[in-house]
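# Examination of the molecular architecture
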Amino acid sequence: MTGPAAPRPAPLQRQARAVRLGPRSVAALVLVSATGAAGFLWPLIAGPGSQVGAHAQDAPWLFAGLLVLLVAVVAATISESGLGPKAVAMLGVLAATGAALRPVGAGTAGIEPMFFLMVLSGRVLGPGFGFVLGSVTMFASALLTGGVGPWMPFQMLAMGWFTMGAGLLPGPDRLRGRAELAMLAAYGFLAAFAYGTVMNLAGWPFMDALASHIAYDPDRGLPGNLARFLAYCLATSLGWDLGRAVVTVVLTLTLGATLLRALRRATRRAAFEAPVTFEPR
């Protein structure tokens, strides 16, 4: 005789998403990302003597004005696709928490714990919610810290990409435990450097070419300006980006498991994807 069969482990439940991206939301995200990429990369792709290069001091302002409108359009499109009251409430809580965390350690070797929160929130709540959360959090933190300027729309877009990328990582329904934390820590490390690099692109054209050999020079081509930009990153932000990356990794590995459980529990209780029904009186 054989003994009773061992019980099968319960299957993992599919992770709920606060926002399900529809075709219009995806199209809006692609549009704003393409425009944002042009806004970040124009110093490297504008040829010598081009009209954009001739207005190097004006172009960042023009792109900043365009980006803030496009980010608002994307947020409105995603909201229309299903950002309900429960998701809005969670968005407000997480954005306020992230904005409050940003000033912690500001000015000290890149200690920015808000990036750790954005990685885990994007992972649990998905790419659509993640993009809106990253953009709104950066906007709120700019108002809180007085960091409003032409760089703010670039920060909003870059943080939206940063948080959305965490929501696009593989295995949202199956990967758990140490493997998930390791993946999130690796993503946070690389994305922290990527965020710093793209933000360097946003501020680099404001430098006066006559004042430094690492400033953007509209009379140089791609190889010359690329070498200047790499030197600019090494000279100005490498230490800050490294600090941001290390802090994100340390917080993810030490506090990530607890925060992931809390976010997933809150997501299940919110029941974002449950249909709304009305009972007859």
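Residues numbered from 1 in each chain as written. Predicted model: local features only at pLDDT ≥ 70, side-chain atom pairs only at ≥ 80, totals over all residues. Heavy atoms only, no water.

### A short note on the overall build of the protein chain
Applicable threshold: Helix and strand assignments follow DSSP, with helices taken as H or I runs no shorter than four residues and strands as E runs no shorter than two, numbered in order from the N terminus. Accessibility throughout is a Shrake-Rupley quantity obtained with a 1.4 Å probe, and a residue counts as covered only by protein chains that appear here.
Broken down by element type, the protein chain carries 10 helices and 0 strands. In sequence order, the protein chain lays out its α and β elements as α-α-α-α-α-α-α-α-α-α. Approximately 14,200 Å² of the protein chain is accessible, and the part contributed by carbon and sulfur atoms is 69%.

### Brief notes about the side chain of Arg123
What counts, and what does not: Side-chain atoms alone can form a polar contact between residues adjacent in sequence; in general such a contact is a pair of N or O atoms within 3.5 Å, and within protein one must be able to donate a hydrogen while the other accepts it.
Along the polypeptide, Arg123 turns up in helix α5 (residues 114–125). Looking at Arg123, its side chain comes within polar contact range of the side chain of Glu180, at 2.8 Å.

### What about the pattern of salt bridges?
To be explicit about the condition: A pair is scored as a salt bridge if a Lys or Arg side-chain nitrogen falls within 4 Å of a carboxyl oxygen belonging to Asp or Glu. Partly exposed residues are those whose accessible area sits between 20% and 50% of the maximum for their type, while under 20% is buried and over 50% is exposed, using a 1.4 Å probe and protein chains only.
Within the structure shown, the criterion is met by 4 salt bridges. A salt bridge links Arg244 to Glu112, with the nearest nitrogen and oxygen atoms 2.8 Å apart. Taken together, the positions of Arg244 in helix α10 (residues 238–270) and Glu112 in the loop between α4 (85–101) and α5 put the pair 132 residues apart, joining distant regions of the chain. Exposure class is identical for Arg244 and Glu112. Each is buried. Two residues, Arg123 and Glu180, come together in a salt bridge whose shortest N-O distance is 2.8 Å.

### Description of the packing of aromatic side chains
What describes a pair of aromatic rings is the distance from one ring centre to the other and the angle between the planes of the rings. Applied cut-off: Two rings from Phe, Tyr or Trp (for Trp, the six-membered ring) form a pair when their centres sit within 6.5 Å of each other. Planes less than 30 degrees apart are called stacked, planes more than 60 degrees apart edge-to-face, and all others tilted.
Using the criterion set out here, one finds 8 aromatic pairs in the structure. Here the aromatic rings of Phe115 and Phe162 are separated by 5.1 Å at their centres, their planes lie at 85 degrees, and the arrangement is edge-to-face. Placement of Phe115 in helix α5 and of Phe162 in helix α7 (residues 152–167) is noted, with a sequence separation of 47 residues between them. Neither Phe115 nor Phe162 differs from the other in exposure class; each is buried. Measuring from centroid to centroid gives 5.5 Å for Trp204 and Tyr216, while their planes differ by 70 degrees, and the two rings are edge-to-face. Residue Trp204 is found in the loop between α8 (178–203) and α9 (222–236), and its partner Tyr216 is found in the loop between α8 and α9; the two are separated by 12 residues along the sequence.

### Let's talk about the packing of α5 against α8
When two helices pack together, their arrangement is given by the angle between their axes and by how far apart the axes lie. Let me state the cut-off plainly: Lines fitted to the C-alpha atoms define the axes, with helices restricted to the stretch that makes contact. Angles between their N-to-C directions range from 0 to 180 degrees. Orientation is classified from the angle alone, with under 35 degrees giving roughly parallel, over 145 giving roughly antiparallel, 65 to 115 giving roughly perpendicular, and any other angle giving oblique. By convention, the crossing between two helices is left-handed when the near helix turns anticlockwise from the far helix through less than a right angle, and right-handed when the turn is clockwise. By definition, residues are in contact when any of their heavy atoms lie within 4.5 Å. Gly is placed with the polar residues, together with every amino acid not listed as nonpolar (Ala, Val, Leu, Ile, Met, Phe, Trp, Tyr, Cys and Pro) or charged (Asp, Glu, Lys and Arg).
Running from amino to carboxyl end, α5 crosses α8 at an angle of 125 degrees, the nearest separation of the two axes being 10 Å. Relative to α8, α5 is oriented oblique. The hand of the α5/α8 crossing is right-handed. On the side of α5, the interface is formed by Phe115, Val119, Leu120 and Arg123, while α8 contributes Glu180, Met183, Leu184, Tyr187, Gly188 and Tyr195. The class makeup of the residues in the contact of α5 with α8 is 7 nonpolar, 1 polar and 2 charged.

### Observations concerning the nonpolar core
Note the threshold: By convention a nonpolar core is built from buried Ala, Val, Leu, Ile, Met, Phe, Trp, Tyr and Cys residues, the set being connected through side-chain atoms within 4.5 Å.
One finds Phe40, Leu94, Phe129, Met159, Phe162 and Tyr195 to be the most contacted residues of the largest nonpolar core, which totals 55 residues. Elements represented by at least two residues in this core include exactly α1 (23–45), α4, α5, α6 (127–145), α7, α8, α9 and α10. Among all residues touching Leu94, those that are not within four sequence positions of it are Leu117, Met118, Ser121, Leu125, Phe129, Leu133, Thr137 and Leu263.

### Some details on a nonpolar patch on the surface
Spelled out, the test is: Each patch is built from residues that are more than 30% exposed by relative accessible area and take part in no salt bridge. Like charges join if they lie within 9 Å; nonpolar side chains (Val, Leu, Ile, Met, Phe, Trp, Tyr) join within 5 Å.
Taken together, the side chains of Phe189, Leu190, Leu242, Val246 and Val250 present a nonpolar region at the surface, about 420 Å² in accessible area. Those elements giving two or more residues to the nonpolar patch turn out to be α8 and α10. Its place among the elements puts Val250 in helix α10. In this structure Val250 comes out as partly exposed when scored by relative accessible area, which is 44%.

### Here's the deal with α1
Condition: At any given residue, the bend is defined as the angle formed between two axes, one fitted to the seven residues that end at that position and one fitted to the seven that begin there.
Considering bend angle alone, the principal kink of α1 is centred on Gly39 and spans about 40 degrees; proline Pro43 follows within four residues of it. Looking at α1, one finds that the buried residues are Ser25, Ala28, Leu29, Val32, Ser33, Thr35, Gly36, Gly39, Phe40, Trp42, Pro43 and Leu44.

### Points about a positive patch on the surface
Note the cut-off: The sign given to each residue is positive for Lys and Arg and negative for Asp and Glu; His and the chain ends receive no count. In this description, the location of a charge corresponds to atom NZ of lysine, CZ of arginine, CG of aspartate or CD of glutamate.
Together, Arg261, Arg265, Arg268 and Arg269 make up a region of like positive charge exposed at the surface. By the secondary structure assignment, Arg261 is in helix α10.

### Digging into α7
Rules: Under the convention used throughout, the expected extent of a helix is 1.5 Å for every residue step, that is, one less than its residue count.
Here α7 spans 23 Å end to end across 16 residues, near enough to the 22 Å set by a 1.5 Å rise per residue. The buried count for α7 comes to 15 of 16 residues, which makes it a mostly enclosed element.

### Observations regarding the side chain of Asn200
Along the chain, Asn200 turns up in helix α8. With near-sequence residues (within four places) excluded, Asn200 lies in contact with Phe229, Tyr232, Cys233, Ser237 and Asp241.

### A word on the packing of α4 against α5
The contact between α4 and α5 brings their axes to 9 Å, and the two run at 160 degrees. In terms of their interaxial angle, α4 and α5 are classed as roughly antiparallel. In the packing of α4 onto α5, the handedness of the crossing is left-handed. On the side of α4, the interface is formed by Met90, Leu94, Thr97, Gly98 and Leu101, while α5 contributes Met114, Leu117, Met118, Ser121 and Leu125. In terms of residue class, the contact of α4 with α5 is built from 7 nonpolar, 3 polar and no charged.

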